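# A structural walkthrough
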Amino acid sequence: MQSMDLTKLYAEHLADLERRYAPVLSAAGFDALAIHSGSLKKRTEFDDQYWPLRPTPYFHHWIPLSQADCALILQPGKRPILAWMKVTSFWERPAKPESDHFIGSFDIVSIEKSADVKQHLPAGARIAFLGEDKATATAWGLADEVCNPLPLVGPLDRLRAFKTPYEIACIVEASRRAAVGHEAVLKAFRDSDRSELELHLLYLAATHQDDPETPYKNIVALGANGATLHHVSYVKEAAHVPCQSLLLDAGSTYLGYCSDITRTWVKGSGAAESAFAHLVAEVEAMQLRLCGQIKLGLPYEELHDDAHRQVTEILRTVGVIKASLEEARAAGLSRSFFPHGLGHSLGLQCHDVGCALVKPKVDNPYLRNTSTITESQVFTVEPGIYFIDRLLDELRQGPHSSKIDWPLCDELAQLGGVRIEDDLVVTGGPQVTRNLTRELLPVGGGG
Ligand SMILES: [Mn+2]
């Protein structure tokens, strides 16, 4: 992205945040807001190592700075203040921000210890604190009852569901970076037999990310491991019999914003591989259909329910389900093969806030998006079909066992599962959405 564009988009983003935060703050009964960037957390009390910082998302919403113990002080109508911790340690040095386009937008004051923030807070104002660490609020002279007050946090989370053009530009760049990694891993998988660990490291190298910088731990699952939905315990050695399927769920970040992309690939030409390739193609076609079904005003949960209907059809098409469509649906067979939610809001957090304000129906316990589809939302669409031992054992022992082709299931289980995941922006234009992932990784680019 051109830095001029970024600067202009960022200025508009800040103006938008100022406009949207002010009424939320006053409705919650506050005059000002002090946001902590975050504290370094000890890995364990038994040693002196710290986890890499994950900045407070409300801080990151305003400033792409990943440094502990800084503060953002907001007072509607006044220029925001960034209290920037001076680094004096000769042991550590925080990473330089990737871009400095934000610097001119704040009154920057240098602080040497957290308590120094106190002197920059507006006197006599009712100030709310946002941050994880109550000891910091205490050091800033703020009481427990103004820490993360729900009447403030709820509305701020809701407004974070709607992305500004600056935020969308950041997610576009995060997507571009992740796509480079997906292409590199696909090539390595096709051309050689690497271990999961090697493919993970290759992805990090191709995307220029250190492991803690990825939006979430890469899921790199060869063969049957694809059935573990969050497989991150990478096998370090390549298998003696090469694995013929790979599920890669890996993203990237840019200025704090995340992308979240999953692809599933299969190679080889045995009977199991051919059946699995058919399944992958069907899931990909379903994923594209679901993306095409998105409409303004549609409850996302309806799309999720429709995904279950389509999963049932696919399982019949590939021969896993032997019963009629009506019987299969009545028995809820798709629940054993597609146990997770269809997607989630995406932004500063990989599972972003603001789109799961109401609980899903009891049938959909893991659905993280129950919002009504609205312009400026960004979310994923990620259906999957898996062969998960525990769920299949329950099915095998239950009353619907005879509806399943178990030898075929066992054969496909060697290849784990399929998930295809894209990131979409709701534009509200004639196309309704912009699919950021397909712009980079079109159909047919994999497998
Ligand atoms: Mn996801």
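Along each chain, the written sequence defines residue order, and numbers are assigned to residues from 1. Given that the model is predicted, a residue must reach a pLDDT of at least 70 before its local features are reported, and side-chain atom pairs must reach 80 or more before they are shown or counted; all residues, however, enter totals for whole chains, interfaces and linings.

Turning our attention to the overall build of the protein. Where helices and strands are cited, they refer to DSSP runs of H or I of at least four residues and of E of at least two residues respectively, numbered from the N terminus. Within the protein one finds eleven helices and 15 strands. Within these notes, the globule rule equals 2.2 Å times the number of residues to the 0.38 power, and the radius of gyration is based on C-alpha atoms. In terms of overall size, the protein behaves like a compact globule, its C-alpha atoms giving a radius of gyration of 24 Å where 447 residues would be expected to give roughly 22 Å. In terms of principal-axis extent, the alpha carbons of the protein reach across some 70 × 45 × 45 Å. When burial is assessed residue by residue, the protein has 42% of its 447 residues classed as buried. Neighbour density around each residue's C-beta defines its exposure: 20 or more other C-beta atoms within 10 Å make it buried, 12 or fewer make it exposed, and counts between make it partly exposed, where C-beta atoms are placed from the backbone.

The subject of this paragraph is the packing of helix α1 (residues 3–27) against helix α5 (residues 165–191). At a minimum axis separation of 7 Å, α1 and α5 run at an interaxial angle of 130°. Considering the angle they form, α1 stands oblique to α5. Residue-level inspection shows L9, Y10, E12 and H13 of α1 in contact with α5, the latter providing P165, Y166, E167 and A169. The residue classification treats Ala, Val, Leu, Ile, Met, Phe, Trp, Tyr, Cys and Pro as nonpolar and Asp, Glu, Lys and Arg as charged. All others, Gly included, are polar. Counted by class, the contact of α1 with α5 contains five nonpolar, one polar and two charged residues. Every angle, taken between N-to-C directions, lies between 0 and 180 degrees, and every axis is a line fitted to C-alpha atoms, over only the stretch in contact when it is a helix. Should an angle fall under 35 degrees it is taken as roughly parallel, and over 145 as roughly antiparallel, whereas 65 to 115 is taken as roughly perpendicular and any remaining angle as oblique. Throughout, a residue-residue contact means that the two C-beta atoms, derived from backbone geometry, are no farther apart than 7 Å.

Attention now goes to the pairing of strand β3 (residues 81–85). With four of five residues buried, β3 lies mostly within the body of the structure. Strand pairing requires that DSSP identify at least two bridges connecting the strands. In this structure, strand β2 (residues 71–74) lies alongside β3, joined through three bridges in antiparallel fashion. Residue pairing in the sheet places I73 in a bridge with I81 of β3. Hairpin geometry of β2 and β3 is characterised by an intervening segment of six residues between the two adjacent antiparallel strands and by a positive phi of about 90° at G77.

Below, the discussion takes up the environment of W62. With respect to the element layout, W62 can be found in helix α2 (residues 57–62). What W62 contacts, discounting residues up to four positions off in sequence, is L17 and L72.

Attention shifts here to the sheet that holds β3. A sheet is described by the order of its strands in space; here five strands give the open sequence β4-β3-β2-β1-β5, paired in mixed fashion. The sheet is open, and its two borders are formed by β4 (107–111) and β5 (127–130), each paired with just one other strand. With strand direction ignored, the average angle separating the axes of adjacent strands in the sheet is 20°. As paired elements, strand β1 (residues 32–36) and β2 share four bridges and run antiparallel to each other. From the neighbouring strand, A34 faces β2, where its bridge partner is I73.

Of all hydrophobic cores here, the largest spans 109 residues; its most connected members are L33, A34, L72 and I385. Per element, the largest residue contribution to this core is ten residues, and it comes from α5. Domain ranges listed in this record stem from an automatic or a database domain assignment. The residue makeup of this core includes at least three contributed by each of domain 1 (3–159) and domain 2 (165–435). Every residue in contact with L33, bar those within four places of it in the chain, is listed here: L25, L74, I127, A128 and L130. Note on terminology: a nonpolar core is any set of buried Ala, Val, Leu, Ile, Met, Phe, Trp, Tyr and Cys residues joined through C-beta atoms within 7 Å.

Angle between the axes and distance between the axes are the two parameters that describe a pair of packed helices. Contact pair helix α7 (residues 271–292) / helix α11 (residues 406–413): the axes reach a minimum separation of 9 Å and the direction vectors enclose 90°. If you check the angle between α7 and α11, you find them roughly perpendicular. Each of A272, A275, F276 and L279 in α7 lies in contact with α11, whose residues at this interface are L408, E411 and L412. Residues belonging to the contact of α7 with α11 are distributed by class as follows: six nonpolar, no polar and one charged.

Domain assignment breaks the protein into domain 1 (3–159) and domain 2 (165–435). Distance from the C-alpha centre of domain 1 to the C-alpha centre of domain 2: 34 Å. Where the side of domain 1 that touches domain 2 is concerned, the elements lending two or more residues are α1, α2 and α4 (150–160). For the side of domain 1 that touches domain 2, the element with the most residues is α1, which contributes four residues. Partitioning the side of domain 1 that touches domain 2 into residue classes produces five nonpolar, four polar and four charged.

Okay, unusual backbone geometry next. At H208, a residue that is not glycine, the phi angle is positive and equals roughly 50°. Given 11 C-beta atoms within a 10 Å radius, H208 is considered exposed. Residues other than glycine seldom take positive phi values, yet V432 does so here, at roughly 65°. Mapping V432 onto the fold places it in the loop between β14 (422–426) and β15 (433–435).

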